[in-house]
Each structure stands twice: as C-alpha cells, then as structure tokens.
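# Structure assessment
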Amino acid sequence: MNPLDRLNVNPFNNDKDFAGCSIFGMMNLEGKRFSSKDPVKAITNMHDRSNGLGGGFAVYGIYPDFKDYYAFHVMYLSRDAKEKTDRILAYYFNIIYDEEMQTRPANVIDPPLMWRYFVQTKKNRPANLTDDEIVLQAVMRINTETGKAFVFSSGKDMGVFKGVGFPEDIADFFCLDDYEGYLWSVHGRFPTNSPGWWGGAHPFNVLDWTVVHNGELSSYGINRRYLEMYGYKCTLQTDTEVLAYAFDLLMRRQRLPIEVVSQILAPPFWDEIDAMEPKKRETLRALRQTYGSLLMNGPFSVIVAHHGEMIALTDRIKLRPMIAATKGDTMYLSSEEAAIRLVSPQLDKLWTARGGEPIIGRVGGKKLIELSQKTEAQQK
Amino acid sequence: MKSYLPADYTVVRDEKKCIRCKACVNQCTYDTHSYDAEDDIIRSKDENCVNCKRCVVMCPTQALSIQKNPNVYRENASWNYEAIKDIKKQAETGGVLLTGMGSDKPHLTYWNHLLVNASQVTNPSIDPLREPMEMRTYLGAKPDALDLELENGDISLKTKLTPQLTLETPIMFSAMSYGAISLNVHESLARAATQAGTYFNTGEGGLDKTLYKHGKHAIVQVASGRFGVHSEYLHAGAAIEIKIGQGAKPGIGGHLPGEKVTPEVARTRMIPVGTDAISPAPQHDIYSIEDLRQLIYALKEATDYSKPISVKIAAVHNIAAIASGVVRAGADIVAIDGVRGSTGAAPKVIRDNVGIPIEFAIASVDQRLRDEGIRNRASLVAAGGFRSSGDVLKAIALGADAVYIATAALVAIGCTVCQKCFTGKCPWGIATSDAWIGKRINPNIASERLVNLLRGWNMEIKDMMGGMGVNAIESLRGNRLHLRGVGLTDTQLKILGVKMAGE
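For every chain, the first residue of the written sequence is number 1, and numbering continues from 1 onward in sequence order. Numbering of ligands from 1 and lettering of chains from A proceed in the order in which they are written. Two thresholds apply to this predicted model, a pLDDT of at least 70 for residue-level local features and 80 or more for giving and counting side-chain atom pairs, whereas whole-chain, interface and lining totals are computed over all residues.

### What about the overall build of chain A?
Secondary structure elements follow DSSP: runs of H or I of four or more residues count as helices, runs of E of two or more count as strands, with numbering from the N terminus. When its secondary structure is counted, chain A shows 11 helices and 17 strands. Residues are scored as being in contact if the C-beta atoms we place from backbone atoms lie within 7 Å. Counting only contacts in chain A whose residues sit at least 6 apart along the sequence, the fraction spanning at least 24 positions is 74%.

### Here we look at the overall build of chain B
On a plain count of helices and strands, chain B comes out with 15 helices and 23 strands. For the radius of gyration, the atoms used are the C-alpha atoms, and the globule rule reads 2.2 Å times the number of residues raised to 0.38. At 24 Å, chain B has a C-alpha radius of gyration in line with the 23 Å of a compact globule built from 503 residues. Along the first, second and third principal axes, the C-alpha atoms of chain B reach 90 × 55 × 45 Å. Comment: burial labels come from other C-beta atoms within 10 Å of the residue's own C-beta, placed from the backbone, where a count of 20 or more is buried, 12 or fewer is exposed, and between is partly exposed. Expressed as a percentage of its 503 residues, the buried residues of chain B come to 50%. Contacts in chain B between residues far apart in sequence, at least 24 positions, make up 68% of those at least 6 positions apart.

### Side note on the nonpolar core
Residues and elements named next belong to chain B. Counting 256 residues, the largest nonpolar core has V334, I336, I362, V381 and V403 as the members making the most contacts within it. With nine residues, the single largest contributor to this core is helix 14 (residues 443-468). Inspection of this core shows a minimum of three residues originating in each of domain 1 (9-95) and domain 2 (166-500). Nonpolar core, as used here: buried Ala, Val, Leu, Ile, Met, Phe, Trp, Tyr and Cys residues forming one set through C-beta atoms within 7 Å. Domain segmentation is taken from an automatic or database assignment of domains.

### Some thoughts on the pairing of strand 3 (residues 41-44) of chain B
Residue and element names in this part refer to chain B. Residues I42 and S44 line the buried face of strand 3, whereas the alternating positions I41 and R43 sit on a face that is not buried. Pairing analysis gives four bridges linking strand 2 (residues 33-36) to strand 3, with the strands arranged antiparallel. Note that in strand 3 the partner of H33 across the bridge is S44. The hairpin formed by strand 2 and strand 3 contains four residues between the paired strands, and D40 there has a positive phi angle of roughly 45°. Criterion used throughout: strands pair if DSSP finds at least two bridges between them.

### Considering the packing of helix 8 (residues 319-328) of chain B against helix 10 (residues 358-371) of chain B
Residue and element names in this part refer to chain B. All axes here are fitted lines through C-alpha atoms, helices being fitted over the stretch that makes contact, and every angle between N-to-C directions spans 0 to 180 degrees. Direction vectors running N to C along helix 8 and helix 10 enclose 50°, while the axes themselves pass 8 Å from each other. Considering the angle they form, helix 8 stands oblique to helix 10. Helix 8 and helix 10 meet at a crossing whose hand is right-handed. Across from I319, A320, A323, S324 and V327 in helix 8, the residues of helix 10 making contact are A361, S364, V365, R368 and L369. Under the scheme applied, nonpolar residues are Ala, Val, Leu, Ile, Met, Phe, Trp, Tyr, Cys and Pro; charged residues are Asp, Glu, Lys and Arg; polar residues are all the others, including Gly. Of the residues assigned to the contact of helix 8 with helix 10, the class counts are seven nonpolar, two polar and one charged. Working rule for angles: under 35 degrees goes down as roughly parallel, over 145 as roughly antiparallel, 65 to 115 as roughly perpendicular, anything else as oblique. Left-handed describes a crossing whose near helix is turned anticlockwise from the far helix through less than a right angle; right-handed describes the clockwise counterpart.

### Examining the sheet that holds strand 23 (residues 499-500) of chain B
All names here are of chain B. Ordered by their spatial adjacency, three strands build an open sheet running 6-22-23, and the pairing between neighbours is mixed. Pairing within the sheet leaves two strands with one partner each, and these edge strands are strand 6 (114-116) and strand 23. Summarising the sheet, strand 22 (residues 483-485) and strand 23 pair through two bridges and their orientation is parallel. Counted as the bridge partner of R484 is K499 from strand 23.

### Focus: the pairing of strand 2 (residues 55-60) of chain A
Residue and element names in this part refer to chain A. Most of strand 2 is tucked away, with six of its six residues classed as buried. Relative to strand 7 (residues 158-163), strand 2 runs antiparallel, the two sharing six bridges. Note that in strand 7 the partner of G56 across the bridge is K162.

### A look at the domain arrangement of chain B
Residues and elements named next belong to chain B. Along its sequence, chain B is carved into domain 1 (9-95) and domain 2 (166-500). The gap between the C-alpha centroids of domain 1 and domain 2 is 33 Å. Each partner contributes residues to the interface: domain 1 has nine residues there, and domain 2 has seven residues. Looking at side-chain class alone, the side of domain 1 that touches domain 2 contains four nonpolar, three polar and two charged residues.

### Here we look at the environment of P267 of chain A
Residue and element names in this part refer to chain A. Tracing the backbone shows P267 in the loop between helix 7 (258-265) and helix 8 (270-274). Taking C-alpha positions, P267 is 7.2 Å from R288, a pair spaced 21 residues apart along the chain. Residues contacting P267, with those up to four places away along its chain left out, are L284, L287, R288, L295 and R316.

### A look at the interface of chain B and chain A
Listed by partner, the interface residues are 39 residues for chain B and 34 residues for chain A. When contributions to the side of chain B that touches chain A are tallied by element, the ones reaching two or more residues are strand 8 (148-151) and strand 9 (154-157) of chain B. Take the side of chain B that touches chain A: its biggest share by element is three residues, from strand 9 of chain B. The residue makeup of the side of chain B that touches chain A, split by class, is 16 nonpolar, 14 polar and nine charged.

### Concerning the sheet that holds strand 1 (residues 22-28) of chain A
Residue and element names in this part refer to chain A. Here seven strands make up an open sheet; going across it, the order is 7-2-8-1-14-13-15 and the pairing antiparallel. Looking at the sheet topology across the chains shown, the edges are occupied by strand 7 and strand 15 (349-352). Adjacent strand axes in the sheet meet at a mean angle of 10° when their direction is disregarded. Judged from the five bridges that link them, strand 13 (residues 323-327) and strand 14 (residues 330-334) form a sheet pairing that is antiparallel. From the neighbouring strand, I323 faces strand 14, where its bridge partner is S334. Contacting strand 1, strand 8 (183-188) and strand 14, helix 1 (residues 37-44) crosses the sheet at an angle of about 160° to strand 1.

### A short note on the packing of helix 6 (residues 240-253) of chain A against helix 7 of chain A
Residues and elements named next belong to chain A. Packing of helix 6 against helix 7 brings their axes to within 10 Å, and their N-to-C directions diverge by 135°. The angle between helix 6 and helix 7 places the two elements in the oblique class. The two elements helix 6 and helix 7 cross, and the hand of that crossing is right-handed. Note on element contacts: helix 7 touches helix 6 through I258, V261, I264 and L265, opposite A246, F247, L250 and M251. Along the lines of polarity and charge, the residues of the contact of helix 6 with helix 7 split into eight nonpolar, no polar and no charged.

### Considerations on unusual backbone geometry
Cis rather than trans, the peptide bond between H202 of chain A and P203 of chain A has omega equal to 0°. Relative to the assigned elements, P203 of chain A resides in the loop between strand 8 and strand 9 (204-206). Although it is not a glycine, M270 of chain B sits at a positive phi angle of roughly 60°. Within the secondary structure, M270 of chain B is located in the loop between helix 6 (263-269) and strand 16 (277-279). Since 14 C-beta atoms lie within 10 Å of it, M270 of chain B is described here as partly exposed. A positive phi is found at Q419 of chain B, a non-glycine position, where the angle reads about 70°. For Q419 of chain B, the position within the fold is in the loop between helix 12 (407-412) and helix 13 (435-438). For Q419 of chain B, a count of 19 C-beta atoms within 10 Å translates into the label partly exposed.

### Some thoughts on the environment of M27 of chain A
For M27 of chain A, the location among the structural elements is in strand 1. Each residue touching M27 of chain A, except ones within four places of it in the same chain, is listed here: Y182, L183, M310, M331 and G361 of chain A.

### Concerning the environment of I273 of chain A
Residues and elements named next belong to chain A. Mapping I273 onto the fold places it in helix 8. Residue I273 is classed as partly exposed on the basis of its 19 C-beta neighbours within 10 Å. Separated by 240 residues in sequence, I273 and R33 place their C-alpha atoms 42 Å apart. Once residues within four sequence positions are removed from consideration, I273 is found in contact with P268, R281, L284 and R285.

### Considerations on helix 1 of chain A
Residue and element names in this part refer to chain A. Buried residues of helix 1: P39, V40, A42 and I43, and no others. What you see down the axis of helix 1 is that its buried residues fit within an arc of 165°, all on one side. Tucked inside the fold, the buried residues of helix 1 contact strand 1, helix 4 (167-173), strand 8, strand 14 and helix 10 (337-343). Working definition: the arc comes from the directions between the helix axis and the C-beta atoms, pointing outward to the latter.

### Thoughts on helix 7 of chain A
Extensive coverage of helix 7 of chain A is indicated by the burial of seven of its eight residues. Within helix 7 of chain A, the full set of buried residues consists of I258, V260, V261, S262, Q263, I264 and L265 of chain A. Packed against the buried residues of helix 7 of chain A are helix 6, helix 9 (278-291), strand 12 (309-314) and strand 16 (359-362) of chain A together with strand 8 and strand 9 of chain B.

Shown next as structure tokens:
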C-alpha cells in the first residue's frame, strides 16, 4: 500500500488531464461597474479545467462614452480580409471611430490582428429592418464572405475579448485591467470536438448576447440546421455558437421570456409533461412539438448574458456542474465552488443549480429569480 | 407451347424422415406436393415450388429441404440467369412480367454505406435501461413560433396547433390494402398499432367495419380508385392519406383481379363481387399541384379540420421540388416511398428501374424544405425497404420524422419474401383474400409478433441514441453529424449531407 504522503506525487511530473471547461459569471445587481480583478482571479483558480487552447471574457458596461453605437470587435487572419470587411461595414454603417485593439505581449499563441469599430446604422435603409437585424446581417456576411475575418463582438456598450491561451493570459493580452463592467462572464476552454483557434474561443456573441458553455451538444447537427432556416450561419466550427443564435432567435426575435426559453432548450420529460394539469400540459407539449429541434441535448452548463441579465442553465439531466451564489449585490455563477469562495469567502447564499432550471439575475431586480419552488425551499 | 424454363427450385425429401403425415401437401397452396396412396409416397412437382418454405417450417420431422435448382442455364456477368429466364418467360407468354415485394437488386441500398456515431470521453453515453430515453414523435404541421403570454410565472398558450398524430415509436405500418392482404393481417396490424401506440395504414381498399374500433390508430388512405372511401371511413381514421404514388411502381396504378374480390372485399371496397378493382395511374381529379390542394382541403373540410392530411408520393428524380409543392399545397405530412418500396404486384421492369433510393430522397427533400424555410410546415415520413432498426435510425438522422414499414412487418408474421404476392395464393396466409388460406394468420399471435418487433427495434434505437449521448428523438432527427459515409462518392456525400468516415 502507498504511504499517504506519497499519494500526491506524480513521478512523471506532468499534469493529469482534467476534461472540461471552466465557466464563471459575476454580476452586480445594482449595475455598478467593477474591475477584472475578481473574475480573473476566480477563473485562474480553475486553470486545470482548461488546457490553454482558449479563454475569453464578455464584459458589459465597458464603453459608456460610446454606448449608443454598436461596438464591433473583429479578428483578421489576413490583411486582405480587413479590406473586404471594411467595405461591408461601410456599406451598412457610418463608422464613428475605429482603432486597433489595445493589446500587450502575453503568453498567448499566434494572435491575429484585432480591430475595434464603433458604428451606427445609416439613415437610408430598408424600412422593414431594425438596427439589430442590419447588424446581424452584416455579421453573417463578414463571417461567411470574407473567409478570414470574424466578428466576435457586436453589441452596444459591451465587448468580448477572447483567444487561444489560458484565460488569465487572455486577460493580460487584452489589458483587461483597464476595463470596468457590471457583468463579467468568463471561459477557460478545453476543446474536444473542434479546433483550438481564436474564433472558436468563448464567449460566443451576436448583438449583445453572449454565451459561455461547458459541454458538448450532441444535438448540434439539428440545432444548427434549424437555425439555418432563420438565417443564422454557423462559421465558428464549434457547437456553442448555436446556443448564442438560439437565444437571439427566441429571446430577441420571438420575444419569448427566459422562463419559456429554458423549457425549450432543456424541456421536461414527456412523462413529467403528461402528469401536469391540462393547461400546462398543453403549453409544454406545444413547446416541444414546435421547438423540438432546439432542444439542447448532451451535457452542458451555460452562462448566457445580455444587458441587464445573467442566466445560468444546465442540461435537463445535469451532466455538467453549475454553482450559484450571492453576496450583497453581487451574484456569482461558477463551475466550481472554490472559485467563488476564493473571491468572496463569506457568502449570503450558495446553491447548486438543478438540471434544466434556469437561475436568472437581473439588474435592479435585486433578487434572483428561480423557477423551482423546491430549490427555494432547500435554500431556506 | 413447351416451356423452356427449368424449375427454379428442387424439393429434396429425406424419405427416412418423412412419416407421410401430408402436412406439406395441405400447406402448399401451389400444389407442389401430392400423396400417392398406391406407393405410399409423397411426390413433389418442382416447377410449382416458389421456395416460400412453408412446408419446410411445418414439416414435423424436418424431412424437407428446398434447394436452388443447380440445373439452370449457363449464365455470365452480363447475361445472368434472371435476364435469360425473363426473356424466355416473355417469349412464352407475350406479357408484362409481374412480381411482388420490393426490388431485390443490391445496388439500390445505401443504408449499408452509412455508419452511426457514439460518444467517447467528451460526452457521456446514456444507458436507456436506467435513464429516460424519449421516442415520442408528433406528426403534423408545426408553427414557426408560438404566441405565449407569461403571467405571474404561468405560461399561457395563445397559438393553437393543427391536429397531430402521436407516435410512441417512430415506426408505422405502411399502406397495405384489404384485398391485397387478408382481413386477418389487417386486423393484426390494427391491433399491434393500437397496442404499440403507433399507426397502421389501411391502403386503398377501405377499412372493414369490424376494424373501425382501431380507427384512432388508423391512417385511412384515399387513392386513385377511391375504393371504400365514404364519410364514415374518413371520420374513422386518425389521419387521411392521399396516395399519389408508390415506390415499387411510380407512375402506374394498381389492379386487384376479380377473383380476389370476394363478397367481403367487395363490400369494403364498394364494388360488385368478382369485378376487377382498377386503380388508375393518376388520380383523375389531380392533374396538377393546384388540384392536389383542392383535394387536401376537400378532405380537411369533410373532416372539420380535425385530422392531419398526408400525401404519399413515390421518390422520383425531381422529388425535392415535388415535395416542396406538396407542402405548399397544404399537406401536414409528406410520405415518400423509395425505389425499394414493396408491393403486392407490379411490373418487374418498373419495380427495378423506376424511382430513386429513399436515402437520397429523404436527404434532398429535408434540405430543400429547410432551404425554403418550410420544413416546420409538414412532417416527413420515409418508406421503402427498411430492414432493421439501424436503417430506421439512419433515416431519422437524415431528416425523416418517422418511417413506414411493410415488408418487415409481414416478415415478422410469416412472410419469407418469396415475391409471389401477386398470385393471391400466399401459403403464409398474408397476401391472399382466400379465407381458407387467410386463416393461417391468427391475429392473436400475429399482433403479438408485430408488437415484439416494434419493441425490439425501439429498444435498439434507444441503445444507439444513448450511445450518441442523445436522450430525445428530436435531437436525432435531421442530425446528420451523427452519420458518416463509407464507400460513397463526393457527390453522394453532398446529396446525403453526410461527412466521410474519418472526417
């Protein structure tokens, strides 16, 4: 038998492979902005859940001086792509300000050229399109037509920063210590089903929607084909992209509340639906009949954010971890409890998310909305 | 005229084992065996044997063996025996060669070139014996979006969905008409569908009054002959299917010879006893897509919009555009029957040469409907030659909502695919309207065999889904990333929308 004090020694001096991504979300429910210190510290603590092939941050409330303009973050894998992209952008928008994104040398791999644009839509445009629809169209065109350019952030007063490296190195690279936001969602990546490249890192974004995701969608093939019917083109070679588009389709375009969207992405089982009272049964049955192709199958836990709202959701049989906590006006979501405890040792509340049931934090809402009565009871 | 054709099979009898019980004599409906009392011996006429194996299975002492006649014409790769035989047959009769069942040509099956995915490491596989695995499928038009209201945490639904069929397994029994098959088979299919939570299709011969109690699990067919179609029949079914075509014989109609039109068949079909029941090639009130729309809505009106309307078409070259038109004409379900689809009787040359494989039809129709943004408006049912749960799963992954099986169901209750259904003398009691032979199917036993088959296939599909890390069939449907091709060309892969193995 091994003596106990030898158990932790790895004779080959290499790290054991830990499979799984890390996700972390932190939000001030009063909308007060804070620095990158805590989010970076927390995600660094989950270093072993990623493997250096992707990390990223979504930060809300970072461009108060430009908050009326769409902020585009674009990565260019070739100079030529920038010319094409500039032409597309000029076609759709007035470019208010643009610059190369501020970066510093850091421990990241082959960073592409990063450009930031603040744009507004033009006055003369088709009447039937909203500003958001025009942005969506421009993003889809740039991502599919230029070949080497990818818009990785396209919302107002928010931004995504991501790339190939550990999340703490990505923070360093993008000089995130210079930014403040009221909502940070963070991702450390361990890619398994798609290549590790700059566009494939999380968060995924369209307009002001962002998704960080731990898991693998075994339903990706059909999720993607369903979304393609509504004009979403998946170009980033990873399954998480469909989550961002699904939230955009359901919440922004079809205006469904998150309480309904969670029942679409992670619906109850038929057995449970059959046992419900008639009105509820009919509703949930119709949801599954109509949106069955958007059921997200396979293991996942995600943090979805847009302005004013941060949502945690896991798959319906809860195959990936998700911990939630609050302390004062701050809400935390994390793959691991330790990461939360590290930045806030004394918490008001801490609990484990239940499969398929969303946890929602809203600015001004002051309290978290939980669908499950059971969970509420357990907390008490 | 002397026939130049040798017998296809020879009956080999082990005289030491034969106890002269005459089971074979009684069982063979083709008069192959006869008892010679003088010599106390059973003699066999090889030329009558169709190799249905009824006598072999029923012989209590295993004294019989049916073997391919080695004494056939010399064949080569081009002039194989089938080609030589067919020509001689036609030279002797001057007729169209008839056959039964689906095409037996090997080059038309593509399921064998598709392989299924499974999870390893990054995604846990799911054990269907211990965790939920959902197979429920709804067929019918779905809206693009739902109108919902949220009040105090309660969601209330404003949109009303059109009528749907509810399937507990994505497998239904395909159209087989009473007349082509015996009443006992119809009853077995009806009872099995009811028990398994799926549907059987009446075919174009109406529904016998005794089976109306299974109407909730019946899809009632309206075909070009309009046999057995009346108000009560339309109301009896859970859905109505307009039959435009059949995979085994696209472009042609059907012909139930007068000798099969017994008083019972005649009553159900609403035609005189002993008259030929001829289904014209087209429906004579449908010469265009707008005519189809009229019939779809006539049937919806006739049934107060209470049932989904299915339109069954054979998979032909331009199937994607045709299916799109059918959906736009208002069909809630489009059923597509591939080139390997089966039949009770069809000209052999048509069965083996007309139409396209169902694999390509499903793939191109599903993709076309998505490209046009109308995939939600109708469900897609695939038919034609499904031999195993593996075939079914692959069809669903390609984009079908459900499948129709017919040959597999008949095989489950006795059929040995001898391809002689058109003779009406099926020794297994299936493809016959002769009540004496029809008795060989006992609906108690046959329905149990059918339910067993569905249960077995259902469990196998669940096992494969669990392996993929998918626990609801809607996540498999149209999910072509779970398929890979082997031995396919780039063009074939492109049409199937499937990557090559290793990609």
